[in-house]
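A look at the structure
These are the residues of each chain, in order.
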Amino acid sequence: MKPTVQIEYCPQCGWLLRAAWMAQELLTTFRDELYGVTLHPSETTGRFTVSVGDAILWDRKQEGRFPEPKELKQRLRDQIAPDKKLGHSDR
């Protein structure tokens, strides 16, 4: 079965649009590799995390900032499709 990415975001901080944008970027790039992306409003203020399975790809508090789409795509690729070429988003 294809993996699902989970994006947990702080609705009180107004980060729904950012979460939706990241979901769109991931679904566009990994259309054949992903089952989907789910958006979860967090009950914890300031949370913005992106995970696949048990692996946390990005935690805003830990990283000290939001991810750039390129960074998130690279981390997801490394988890689910290491041989996939990302074009201009590649390292």
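Residues numbered from 1 in each chain as written. Predicted model: local features only at pLDDT ≥ 70, side-chain atom pairs only at ≥ 80, totals over all residues. Heavy atoms only, no water.

Going by what an unreviewed UniProt entry lists, the protein chain is known as SelT/SelW/SelH family protein and is assigned to Arundinibacter roseus.

**Remarks on the sheet that holds strand 1 (residues 4-9)**
Test applied: A pair of strands is labelled paired if DSSP reports no fewer than 2 bridges between them. Strands are runs of DSSP state E lasting at least 2 residues, helices are runs of H or I lasting at least 4, and numbering of each runs from the N terminus. Interaxial angles span 0 to 180 degrees and are taken between N-to-C directions of axes, which are lines fitted to C-alpha atoms, for helices over the stretch in contact. The contact criterion used throughout is that any non-hydrogen atoms of two residues lie within 4.5 Å.
One open sheet accounts for four strands, arranged 2-1-3-4; its pairing is mixed. Since the sheet does not close on itself, it has two edges, and those belong to strand 2 (36-41) and strand 4 (55-59), each with one partner. Ignoring strand direction, the axes of neighbouring strands in this sheet form an average angle of 20°. As paired elements, strand 1 and strand 2 share six bridges and run parallel to each other. Of the residues in strand 2, the one forming a bridge with Val-5 is Val-37. Sheet strands in contact with helix 1 (residues 16-29) are strand 1, strand 2 and strand 3 (48-52), and its direction is about 170° off that of strand 2. In the packing of helix 3 (residues 69-80) onto the sheet, contacts are made with strand 1, strand 3 and strand 4, and the angle to strand 4 comes to roughly 175°.

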